[in-house]
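# Structural features, examined
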Amino acid sequence: TTGLLVLLAMSSAAASGLSSRLSSRLTTGLLVLLAMSSAMTSDPGPVDLGGASHFVILARAAISNTPTSLITGNVGSMSGITGFETLTADASREFFTSAQIDGRLYRGVDCAEPTPTILTSALADMDAAYANVVS
């Protein structure tokens, strides 16, 4: 598996226990869960990330980078992205590139369609994956 689950705003013990149960279940991508209200009591099985699996970092809010980073894979945010070295838009303005990203950078606020639609769908899939894990 190549996935990674990042849990924020949890106690370290709860995050450690949940992360160890889930990290082996993710098949691809990075699922960022910003809050968790209760600990898991059973093995959730495989987590289907849907369209979120196309991103190694995916956020509804802004993404902030402290140079220098090297990110392998696609990055997506519906909001702003700061701290990356020069961003270069492709000719269609559907994505950006950066020397710090070995992949594409998708911004819902700056990119042409279908990027905002793709990001909206990926975020909905991320929410569904979260709901599936905590239910």
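Check the entry above for the structure.
Residues numbered from 1 in each chain as written. Predicted model: local features only at pLDDT ≥ 70, side-chain atom pairs only at ≥ 80, totals over all residues. Heavy atoms only, no water.

What follows is about the overall build of the protein. Within the protein, the regular secondary structure consists of two helices and 10 strands. Along the protein, from the amino end to the carboxyl end, the secondary structure elements read β-α-β-β-β-β-β-β-β-β-β-α. Across the 135 residues that make up the protein, the buried fraction comes to 38%. A total accessible area of about 6900 Å² is found for the protein, and carbon and sulfur atoms account for 56% of it. (Helix = DSSP H or I, 4+ residues; strand = E, 2+ residues; numbered from the N terminus. Buried < 20%, exposed > 50% of the residue type's maximum accessible area, 1.4 Å probe, protein only. Areas by Shrake-Rupley, 256 points an atom, 1.4 Å probe, with all protein chains shown as cover.)

Oppositely charged side chains are able to pair whenever their charged atoms sit close together. Tallying each qualifying case throughout the model produces two salt bridges. As a salt-bridge pair, R60 and D127 come within 2.7 Å of each other at their nearest N and O atoms. Linking R60 in the loop between strand 3 (57-59) and strand 4 (63-64) with D127 in helix 2 (residues 115-134), this pair joins segments that are 67 residues apart in sequence. R60 sits in the partly exposed class, given a relative accessible area of 45%. D110 is paired through a salt bridge with R107; the nearest N and O atoms lie 2.6 Å apart. (Salt bridge = Lys/Arg side-chain N within 4 Å of Asp/Glu carboxyl O.)

A few words on the pairing of strand 10 (residues 101-107). Remember that side chains alternate between the two faces of the sheet whenever the strand is regular. The pairing of strand 5 (residues 71-72) with strand 10 spans two bridges and is parallel. Residue T72 lies in a different strand from strand 10, and its bridge partner there is D102. As paired strands, strand 6 (residues 75-77) and strand 10 are joined by three bridges and run parallel to one another. Each residue of the ladder has a partner; that of V75, found in strand 10, is L105. One ladder, built from two bridges, connects strand 9 (residues 96-98) with strand 10; its direction is antiparallel. Across the sheet, S98 pairs through a bridge with I101, a residue of strand 10. (Pairing = 2+ DSSP bridges.)

Our next topic: unusual backbone geometry. Most of the time, phi is negative for any residue but glycine, and the peptide bond is trans. With an omega of 15°, the peptide bond between E113 and P114 qualifies as cis. Tracing the chain through its elements places P114 in the loop between strand 10 and helix 2. Residues other than glycine seldom take positive phi values, yet R93 does so here, at roughly 60°. Here R93 shows up in the loop between strand 8 (88-89) and strand 9. A residue is classified by how much of its surface remains accessible, and R93, at 41% relative accessible area, is partly exposed.

Turning our eyes to something else, we now look at the nonpolar core. One finds F55 and L58 to be the most contacted residues of the largest nonpolar core, which totals 13 residues. Formed by 10 residues, the second largest nonpolar core is a distinct cluster that contains A59, I81, F96 and L105. (Core = buried A, V, L, I, M, F, W, Y, C linked by side-chain atoms within 4.5 Å.)

The terminal C-alpha atoms of helix 2, which comprises 20 residues, lie 29 Å apart, in line with the 28 Å expected from a rise of 1.5 Å per residue. Residues of helix 2 that are buried include every one of T115, P116, L119, A122, L123, M126, A129 and V133, and no others. On an axial view of helix 2, the arc spanned by its buried residues comes to 140°, and they lie on one face. (Expected span 1.5 Å × (residues − 1). Arc of directions from axis to C-beta.)

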